[in-house]
Amino acid sequence: MAGIYLHIPFCDTKCIYCDFYSITNHSKKAEFLNSIKKEIQFYTKQLADRKFDSIFFGGGTPSLLSYDEFTAIFDELYKSYNISDDTEITIEANPGTLDLEKLEVFKKLPINRISFGVQSFIDSELQFLTRIHSAKQAKESILAAKAAGFENINLDMIFALPGQTMDSWKYNLDEAIKLGTKHISAYSLIFEKGTMLYSMRDKGQVQNADIELEQEMYEYTMQQLSDAGYRQYEISNYTKPGYECRHNLKYWTLEEYISFGPSASSYIGNKRWTNIKNIGRYIELVDSGKPAHDFIETIDKDTSVTEHIMLGLRSVGINFEDFRKKHNIDFESAYTAPIETLITNGYAVKDAQSISLTRKGYAVCDEIVATLF
Ligand code: SF4
């Protein structure tokens, strides 16, 4: 089944490390909500034969929307597409934008998964990242979500901040584990071009974390989360049994997804397109009945094979039967030498059905993909 993504680009402030399309000027919000409904209708005919079982509201900060604004979007989605009864419906949320009262109201919507952008439980680190919430607010929001009846909750955490010590990361991870959410995503900080953080490094105001320390933090994260009962199913994602993010799995296993909103990317058939990253232009295009594409590409056979290997190794592994069905290639005979290198070095494990990376392999996944495939 396919997935649906909606990009809600509004945020209260712009975090220094963020390279997502997000804006702090909310003056076009009403027009945007009107346009995203039109964009939802735009693909109805083309996708009439698809069934959907995941909906993901990302951003931006979707938790800034009101109950009525969500209801209008859900009405349009359910009217326009064949959506399965057990659909996973996630919203990304900023702690500090949701209290118990708002969460209880949101519980009346079809939303059944909340992903909180917590990032740290240390106030000085949150201030460095220019997050709007405190550590206390983050914990309160998660407990409030549980109290409101949400049981499928993810926490996003970031490690390898400039100046962060091993002890402070250990504290952060312990706090995350204590909250007992079903899913934890733990990413290392990336200095993305075009962000405030990137120019701070150019000016010599901050430095990347030491590479060996970053590696130590990553290995600690994998071990600690495994000890706490979380299964790693992607380089940065860990889940309690049965709570894998169905929507993200679609990206990693090359399933189809349709996306709405500025900067959102879709993958349907052998085409992938990305919408324009400008809210004004997005509204103009959609309102004039045109697709809001910035660029569109055809995924040829070679690209599809490479992406399958790269995304598979980064996440749940490569299933030989799936690979053969999709590309008409026998993975084991086509890649005998790389497979042997991976196994002998302890980077991967293989059985009759599939091959997947070990923890040691995840730690050097990018090098593996670049050098062996
Ligand atoms: S809240 Fe999230 S989307 Fe918004 S600026 Fe910060 S990191 Fe980016």
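So, how was this worked out
Residues numbered from 1 in each chain as written. Predicted model: local features only at pLDDT ≥ 70, side-chain atom pairs only at ≥ 80, totals over all residues. Heavy atoms only, no water. Domains from an automatic or database assignment. Contact = heavy atoms within 4.5 Å. Buried area = accessible area lost by both parts, 1.4 Å probe. Salt bridge = Lys/Arg side-chain N within 4 Å of Asp/Glu carboxyl O. Polar contact = N/O pair within 3.5 Å; in protein donor to acceptor, adjacent residues only side chain to side chain. Helix = DSSP H or I, 4+ residues; strand = E, 2+ residues; numbered from the N terminus. Near = heavy atom within 4 Å. Nonpolar A, V, L, I, M, F, W, Y, C, P; charged D, E, K, R; others polar. Pairing = 2+ DSSP bridges. Axes fitted to C-alpha atoms, helices over the stretch in contact; angles between N-to-C directions. Core = buried A, V, L, I, M, F, W, Y, C linked by side-chain atoms within 4.5 Å. Buried < 20%, exposed > 50% of the residue type's maximum accessible area, 1.4 Å probe, protein only. Parallel < 35°, antiparallel > 145°, perpendicular 65-115°, else oblique. Left-handed = near helix turned anticlockwise from the far one by under 90°.

## Here's the deal with the domain arrangement of the protein chain
No. 1: What the domain assignment reports for the protein chain is domain 1 (2–251) and domain 2 (302–372).
No. 2: Listed per partner, the contact involves 12 residues of domain 1 and eight residues of domain 2.
No. 3: Each partner contributes to the roughly 880 Å² buried at the junction of domain 1 and domain 2, and carbon and sulfur atoms together form 57% of this total.
No. 4: Together, Met 222, Glu 234 and Ile 235 form the three largest contributors to the area buried by domain 1 at its contact with domain 2, with a combined 44%.
No. 5: In this structure, Arg 314 and Glu 234 form a salt bridge, with 4.0 Å as the shortest nitrogen-oxygen distance.
No. 6: At the junction of domain 1 with domain 2, the criterion picks out three residue pairs in polar contact (both at pLDDT 80 or more).
No. 7: In terms of residue count, the dominant contributor to the side of domain 1 that touches domain 2 is helix H8 (residues 211–227) (six residues).

## Some words on the site of the ligand
No. 1: Neighbouring the ligand are Cys 11, Thr 13, Lys 14, Cys 15, Tyr 17, Cys 18, Ser 22, Gly 59, Gly 60, Thr 61, Asn 94 and Arg 131.
No. 2: Its residues assigned to classes, the shell around the ligand shows four nonpolar, six polar and two charged.

## Quick word on the sheet that holds strand S15 (residues 354–357)
No. 1: Pairing is antiparallel in the open sheet, where three strands are placed in the order S13-S15-S14. Sheet topology places strand S13 (318–319) and strand S14 (348–350) at the edges, where each strand pairs with a single neighbour.
No. 2: Bridge analysis of S13 against S15 gives two bridges, and the strand direction is antiparallel. Considered in S15, the bridge of Ile 318 is made with Ile 355.
No. 3: Contacts between helix H14 (residues 336–344) and the sheet are confined to S14 and S15, with S14 contributing the most and set at about 115° to the helix.

## Side note on the side chain of Arg 272
No. 1: Within the secondary structure, Arg 272 sits in strand S11 (residues 271–275).
No. 2: At a separation of 2.7 Å, a polar atom in the side chain of Arg 272 contacts the side chain of Glu 307.
No. 3: The contacts of Arg 272, once residues within four sequence positions are left out, are Tyr 257, Ser 266, Tyr 267, Phe 295, Ile 296, Glu 297, Ile 299 and Glu 307.

## Some details on the nonpolar core
Most often, soluble globular proteins have nonpolar side chains that are buried together.
No. 1: Of all hydrophobic cores here, the largest spans 93 residues; its most connected members are Phe 57 and Leu 77.
No. 2: In this view, Leu 77 contacts Ile 4, Leu 6, Ile 40, Ile 55, Phe 57, Ile 83 and Phe 260; residues no more than four positions away in its chain are not counted.
No. 3: Residues Ile 16, Cys 18, Leu 161 and Met 200 belong to the second largest nonpolar core, which totals 12 residues.

## Points about the pattern of salt bridges
No. 1: Under the definition given, this model contains 20 salt bridges.
No. 2: Of the charged contacts in the structure, one is a salt bridge between Asp 366 and Arg 314, with a shortest N-O distance of 3.3 Å. With Asp 366 in helix H16 (residues 365–372) and Arg 314 in helix H11 (residues 301–314), this pair connects stretches of sequence that are 52 residues apart.
No. 3: The structure contains a network of salt bridges with shared partners spanning Asp 53, Asp 86, Arg 246, Lys 250 and Glu 255.

## What to know about unusual backbone geometry
Apart from glycine, the bulk of residues carry a negative phi angle, and the bulk of peptide bonds sit in the trans form.
No. 1: Each neighbour pair has its own omega, and for Gly 59 with Gly 60 the value is 15°, a cis peptide bond.
No. 2: Among the structural elements, Gly 60 can be located in the loop between strand S2 (51–59) and helix H2 (67–80).

## What about the environment of Met 196?
No. 1: Checked against the element boundaries, Met 196 lands in helix H7 (residues 196–202).
No. 2: Judged by its relative accessible area of 49%, Met 196 falls in the partly exposed class.
No. 3: Taking the C-alpha atoms as reference points, Met 196 and Ala 147, 49 residues apart in sequence, are found 36 Å from one another.

## So, the packing of helix H1 (residues 29–42) against helix H10 (residues 279–287)
Between two packed helices, the angle of one axis relative to the other and the distance separating the axes together describe the packing.
No. 1: Where H1 contacts H10, the two axes come as close as 9 Å, and the packing angle between them is 45°. Put simply, H1 runs oblique to H10. Every pair of crossing elements has a handedness; the one defined by H1 and H10 is left-handed. Taken together, the residues of H10 that come into contact with H1 (itself represented by Glu 31, Phe 32, Ser 35, Ile 36, Lys 38 and Glu 39) are Ile 279, Tyr 282, Ile 283, Val 286 and Asp 287.

## Side note on the packing of helix H5 (residues 135–147) against helix H6 (residues 166–179)
No. 1: At a minimum axis distance of 11 Å, the contact between H5 and H6 shows a crossing angle of 15°. Our classification of the angle between H5 and H6 gives roughly parallel. You can see that H5 and H6 cross each other, and the crossing is right-handed. When H5 is examined against H6, the residues Lys 139, Ile 142, Leu 143 and Lys 146 are found in contact with a partner set consisting of Tyr 171, Glu 175 and Leu 179.
No. 2: Class assignment for the residues of the contact of H5 with H6 results in four nonpolar, no polar and three charged.

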